[in-house]
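# Structural description and commentary
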Amino acid sequence: MENSVAYEKATELRLGLPGIDEPAVLSSVKNNKRPLHDEKSGENGKSAQNETAPPSKAQIVGWPPVQSYRKNNFQQAKKSESECGGIYVKVSMDGAPYLRKIDLKVYKGYPELLQVLENMFKFTIGEYSEREGYKGSDYEPTYEDKDGDWMLVGDVPWEMFITSCKRLRIMKGSEARGLSCSGV
Amino acid sequence: MAEQMSDDDERQQSPPSDLDFTSNKARTCIVTGSVSGHTEFQSLYPDQVLENVLENVLHFLTSRRDRNSASLVCKSWYRVEALTRSELFIGNCYAVSPARATARFTRVRALHLKGRPRFADFNLMPPDWGAHFNPWVLAFAKACPWLEKVYLKRMSVTDDDLATLAESFLGFKELVLVCCDGFGTSGLAIFISKCRQLKVLDLIESEVSDDETDWISCFPEGESHLESLIFDCVECPINFEALERLVARSPSLKKLRLNRYVSIGQLYRLMVQAPQLTHLGTGSFSPSEVAGQGDQEPDYVTTFAACKSLVCLSGFREIIPDYLPAIYPICANLTSLNFSYANITAEQLKPIISNCHKLQVFWVLDSICDEGLKAVAATCKELRELRVFPVDAREDSDGPVSEVGFQAISEGCRKLQSILYFCQRMTNAAVIAMSRNCPDLVVFRLCIMGRHRPDHVTGEPMDDGFGAIVMNCKKLTRLAVSGLLTDKAFDYIGRYGKLVRTLSVAFAGDSDMALKYVLEGCPQLQKLEIRDSPFGDAALCSGLHHYYNMRFLWMSSCRLTHQGCQQIARAMPRLVVEVIRSADEEEVYDRVQTLYMYRSLEGPRNDAPKFVTIL
């Protein structure tokens, strides 16, 4: 029974990118559950009832009502942050009193990242060019890569950047200019 | 620890305690028949004497409820009460504005504010909803610079706010932040360095961002006044040497709760410096990785034994159970024990719990299984509060505890007043048994983690169990229900739950009738939080007579429409009706994803984010 369901799913014709599952059905599969009334108020606006839901249930937001700091304590192995899905790096800016932390996985590319940094620290980044780095402002976003080298943000393709970036630093003034002239 | 651990700190009944200002009800003064005013000062000597006497007498009035009542007697009493109120409690920070609060109460020493609704703890609300401390700290800095204590729950506090606190209030003594966020270790550093009189710094279940600042080192040199330092929720390493020096120069320190970055060896060193501690959070309770092979283990047992005043123990964040015997000497004195981060078995628990005869508050993980609970029931005859948390908080996980342990507790711990119990299996019989064995129950929160799960023996809904609780537990003020529940359960609640103030409902009920029963039947209801239940606009309307008596109503993923909520908003001008969209929600027809409404003197707030619509 289950095999045929899986086979059907695999050969199903539908519009959509490969590798994306259908939205998980959120109803209980316990067979002692009474039939639900017309419950359209399930999470994310999807209808909730389906007695033949797939065996593994999607987890409902906020249920059971245990705060996340309690839930996180008991992963079998201590998961590193990247295993949990996020790539967190610290961001500092010269002259700013506080450090910040961001999740690089959330952003789709450099423009979004730079926008976020601008908003976070309330400054403007200049225009980027491969040859001359960032022009038009005193600040330049830089990052420390896996080898410990300080690089200019934007010099490598985005995918390579998010896997090699260890921390970000928004440099100010002449120090920044020194980096941009070093070339790729 | 009891006062901080217990959620239900409300002992006040009507008149409403968070909405103290009912100036339109004040009658003219009985004695003189004239309106009290500034000019009266010279003329009527008997009045002046009366006011002085009144002021002296009202100083002794501490209960919020009594003060609220006193303020309603007449304008004179209203004024004097306002002058003598030193502790100001505001249960919903949006119910009243900082300006109004500071205008009325000018001599406040302690401010207690609550912000976000509780369901925000479970990610049911996008972040940045509100509850900012900032306008409050600014208003009080100007109007009430003698403020000494601030207690915040579920509020957003920034580093700047912490700086303002320390800079604007010269005698500031106590800061308690529960379930707060928005600040980091740099904010703490500034606060600590400027607060010369600090006695209490308690960070409880709060999110503190790691700005890599060594805040522990910021305590001023010389003898410190510190009585309580709680930072077990701070998720970043600390400068241990600085902490050790701090503890050594804090002779008044009674409460110390360490975070998980403090190893057991370091704990030992601190305890040697502070045998006078009454409340201890042990940190990781495991050795640091750098311990050498041949290092001598310190004598933990003797050190614990030396702490003769220790009554409240918590921590055990990364426990190595081999070290548990260290706490044997103090078990007999403990009134409060928090093992809710310690993944231990029944066998590991038994030698400890069998000595805890005086235990009143016990928090634990379900890893101890029904067997562990039986051991608790066998010894802890004084138990007042029990919380059993799940190691594996998922709907379909194995449940190591069930109705068996639950019933054992009810039979052994007859003085139980408060229970929070997460499980996968429960029976009506066990719940009924508890309702009979534990008549003193004030707080009953049962969370059967699988949604809509019935009595696993009979297959029946859990209606009768919860019905018995409201029927037999005559002091019940807080109730959280779960499992398969029909409208009948709510009929019981409406009929018998006459003292219920807080009710939590999830995935329950069949129809609007359920909500009607509750709104029409429970006159003391103040806080109602509902999720994923089939209640619609008609049910919402049935509470119109009562909403001004409530602190708030939360309904998410129910069957409310915009029109329905709009109707309420129009009918009740003093109610703020917020419709909250989740970040990635598409609008489903006309459905309201989340309704959060509360009474307020101020009308719609001006700091609502984009995803909130105020009707």
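Residues numbered from 1 in each chain as written. Chains lettered and ligands numbered in written order. Predicted model: local features only at pLDDT ≥ 70, side-chain atom pairs only at ≥ 80, totals over all residues. Heavy atoms only, no water.

Take the overall build of chain A next. Looking only at helices and strands, chain A features five helices and seven strands. Its helices and strands taken in sequence order, chain A reads α-α-β-β-α-β-β-β-β-α-β-α from the N to the C terminus. Out of the 184 residues belonging to chain A, those deemed buried represent 39%. Of the contacts formed within chain A by residues at least 6 apart in sequence, a portion of 46% connects residues at least 24 apart. Surface exposure of chain A reaches about 11500 Å², of which carbon and sulfur atoms provide 53%. (Helix = DSSP H or I, 4+ residues; strand = E, 2+ residues; numbered from the N terminus. Buried < 20%, exposed > 50% of the residue type's maximum accessible area, 1.4 Å probe, protein only. Contact = heavy atoms within 4.5 Å. Areas by Shrake-Rupley, 256 points an atom, 1.4 Å probe, with all protein chains shown as cover.)

The next subject is the overall build of chain B. When you go through chain B residue by residue, the secondary structure sums to 21 helices and 23 strands. Against the 2.2 N^0.38 benchmark of 25 Å for 615 residues, chain B shows a C-alpha radius of gyration of 26 Å, consistent with a compact globule. Projected onto its principal axes, the C-alpha coordinates of chain B cover approximately 80 × 65 × 50 Å. In chain B, buried positions account for 60% of the 615 residues. Within chain B, contacts between residues at least 6 apart in sequence are counted, and of these 72% link residues at least 24 apart. Accessible area of chain B: about 23200 Å², with a carbon and sulfur share of 52%. Charge separation in chain B, taken as the distance between the mean sites of 66 positive and 76 negative side-chain charges, equals 7 Å. (Rg over C-alpha atoms; globule rule 2.2 N^0.38 Å. Lys, Arg positive; Asp, Glu negative; His and termini not counted. Charge placed at Lys NZ, Arg CZ, Asp CG, Glu CD.)

In this structure, Phe339(B) and Phe444(B) are the most contacted members of the largest nonpolar core, which totals 178 residues. For Phe339(B), the residues in contact, after removing those within four places along its chain, are Phe316(B), Leu324(B), Ile327(B), Ile344(B), Leu349(B), Ile352(B), Phe362(B), Trp363(B), Val364(B) and Leu365(B). (Core = buried A, V, L, I, M, F, W, Y, C linked by side-chain atoms within 4.5 Å.)

Further remarks concern the environment of Ile264(B). Residues and elements named next belong to chain B. Mapped onto the elements of the fold, Ile264 is located in helix H11 (residues 264-273). Given a relative accessible area of 1%, Ile264 falls into the buried group. If near-sequence neighbours (up to four positions away) are discounted, Ile264 is found in contact with Ser284, Phe285, Ser286, Pro287, Tyr300 and Tyr323.

With that settled, consider the side chain of Asp537(B). Residue and element names in this part refer to chain B. Structurally, Asp537 can be placed in helix H20 (residues 537-541). Although Asp537 is buried, it forms no salt bridge, and the closest oppositely charged side chain is Arg591 at an N-O distance of 7.5 Å. Polar contacts involving the side chain of Asp537 include one to the side chain of Thr561, which spans 2.5 Å. (Salt bridge = Lys/Arg side-chain N within 4 Å of Asp/Glu carboxyl O. Polar contact = N/O pair within 3.5 Å; in protein donor to acceptor, adjacent residues only side chain to side chain.)

The subject of this paragraph is the environment of Trp158(A). All names here are of chain A. Relative to the assigned elements, Trp158 resides in helix H4 (residues 158-164). The class of Trp158 is buried, set by a relative accessible area of 10%. When near neighbours in sequence (up to four residues on either side) are disregarded, Trp158 contacts Leu104, Tyr107, Lys108, Gly109, Tyr110 and Leu113.

Each aromatic ring pair is described using two quantities: the centre-to-centre distance and the angle formed by the ring planes. Under the defined criterion, the tally for this structure stands at 29 aromatic pairs over all chains. Judged by centre distance (5.0 Å) and plane angle (65°), the ring pair of Phe123(A) and Tyr139(A) falls under edge-to-face. A residue pair is termed long-range when its members are at least 10 positions apart, and Phe123(A) in the loop between helix H3 (110-121) and strand S3 (127-129) and Tyr139(A) in strand S5 (residues 139-145) qualify at 16 residues. Of the residues examined, Tyr139(A) reaches a relative accessible area of 16% and is grouped as buried. Connected via pairs of aromatic rings, a cluster forms that spans Tyr94(B), Phe119(B), Phe122(B), Trp129(B), Phe552(B), Trp554(B), Tyr596(B) and Tyr598(B). The ring of Phe507(B) carries the charged tip of Arg451(B) above its face, separated from the ring centre by 5.3 Å. (Phe/Tyr/Trp six-rings, centres within 6.5 Å; stacked < 30°, edge-to-face > 60°. Lys NZ or Arg CZ within 6 Å of the ring centre and 35° of its normal.)

Turning next to helix H19 (residues 512-521) of chain B. Of all the residues in H19(B), the buried ones are Ala514(B), Leu515(B), Val518(B), Leu519(B) and Gly521(B). Where H19(B) is buried, its residues touch helix H18 (487-496), strand S18 (502-506), strand S19 (527-531), H20 and strand S20 (552-556) of chain B.

Residue and element names in this part refer to chain B. Axis separation between helix H7 (residues 134-143) and helix H8 (residues 159-168) bottoms out at 10 Å; the angle between their running directions is 15°. Classified by the angle their axes make, H7 and H8 are roughly parallel. Read as a crossing pair, H7 and H8 show a hand that is left-handed. Contacts between H7 and H8 involve Asn134, Val137, Leu138 and Ala141 from the first element and Asp161, Thr164, Leu165 and Ser168 from the second. Partitioning the contact of H7 with H8 into residue classes produces four nonpolar, three polar and one charged. (Axes fitted to C-alpha atoms, helices over the stretch in contact; angles between N-to-C directions. Parallel < 35°, antiparallel > 145°, perpendicular 65-115°, else oblique. Left-handed = near helix turned anticlockwise from the far one by under 90°. Nonpolar A, V, L, I, M, F, W, Y, C, P; charged D, E, K, R; others polar.)

The next thing to look at is the sheet that holds strand S7 (residues 165-172) of chain A. Residues and elements named next belong to chain A. If you trace the five strands from one edge of the open sheet to the other, you get S2-S1-S7-S5-S6, paired in mixed fashion. Each edge of the sheet is formed by a strand with only one pairing partner; in this case those strands are strand S2 (100-103) and strand S6 (150-152). Sheet twist, expressed as the mean angle between neighbouring strand axes with direction ignored, is 30°. Pairing analysis gives four bridges linking strand S1 (residues 88-93) to S2, with the strands arranged antiparallel. If you follow Val91 over to S2, its bridge partner there is Arg100. Seen against the sheet, H3 touches S1, S2, S5 and S7 and runs at an angle of roughly 155° to S2. (Pairing = 2+ DSSP bridges.)

So, about the UniProt feature "domain: COI1 F-box" (unreviewed entry) in chain B. UniProt feature "domain: COI1 F-box" (unreviewed entry): in the numbering of this structure it lies at residues 47-86 of chain B. Secondary structure across residues 47-86 of chain B comprises 75% helix and 0% strand; the distance between its end C-alpha atoms is 23 Å. (UniProt positions renumbered as here; feature names shortened; annotations may be inferred.)

Moving on, we get to H8(B). Residue and element names in this part refer to chain B. Within H8, seven of the 10 residues are buried, which leaves the element mostly enclosed by the surrounding structure. Turning to H8, its buried residues number three or more, namely Asp159, Asp161, Leu162, Ala163, Thr164, Leu165 and Ala166. At its buried positions, H8 is contacted by H7, strand S3 (149-153), strand S4 (174-178), strand S5 (183-184) and helix H9 (185-194).

This part is about the pattern of salt bridges. Residue and element names in this part refer to chain B. For the structure on display, the rule yields 35 salt bridges over all chains. Between Arg257 and Asp232 there is a salt bridge, with the nearest N and O atoms lying 3.2 Å from each other. On the criterion of sequence distance, the pair formed by Arg257 in strand S9 (residues 255-258) and Asp232 in the loop between strand S8 (228-230) and helix H10 (240-248) is long-range, its members being 25 residues apart. The exposure classification of Arg257 matches that of Asp232, with both residues buried. Notably, a salt bridge pairs Arg387 with Glu385, separated by 3.0 Å at the nearest N-O pair. For Arg387, a relative accessible area of 7% translates into the label buried. Judged by relative accessible area, Glu385 falls into the buried class, the value being 6%.

With that settled, consider the UniProt feature "domain: Transport inhibitor response" (unreviewed entry) in chain B. Under the local residue numbering, the UniProt record ascribes the feature "domain: Transport inhibitor response" (unreviewed entry) to residues 107-152 of chain B. For residues 107-152 of chain B, the helix share is 22%, the strand share is 20%, and the end-to-end C-alpha distance is 19 Å.

Once that is clear, we can look at the pairing of S3(B). The two faces of a sheet get side chains in turn, since along a regular strand they alternate between them. Residues and elements named next belong to chain B. As judged from the five bridges shared by strand S2 (residues 110-114) and S3, these two strands associate in the parallel manner. Residue pairing for S3: His112 is matched across the bridge by Tyr151. Taken together, S2, H7 and S3 constitute a β-α-β crossover, and its handedness is right-handed. Note: S3 against S4, five bridges, orientation parallel. (Right-handed = clockwise from strand over helix to strand, strands pointing away.)

This next bit is on unusual backbone geometry. Each neighbour pair has its own omega, and for Trp63(A) with Pro64(A) the value is -10°, a cis peptide bond. Mapped onto the fold, Pro64(A) is located in the loop between helix H1 (2-11) and helix H2 (68-71). The backbone phi angle of Phe285(B) is positive, close to 60°, even though this residue is not glycine. On the secondary structure map, Phe285(B) appears in the loop between strand S10 (279-282) and helix H12 (300-306). The buried category is assigned to Phe285(B), whose relative accessible area is 0%. Look at Ser557(B): it is not a glycine, yet its phi comes out positive at around 50°. When you line up the elements, Ser557(B) lands in the loop between S20 and helix H21 (562-571). With relative accessibility at 3%, the residue Ser557(B) sits in the buried group.

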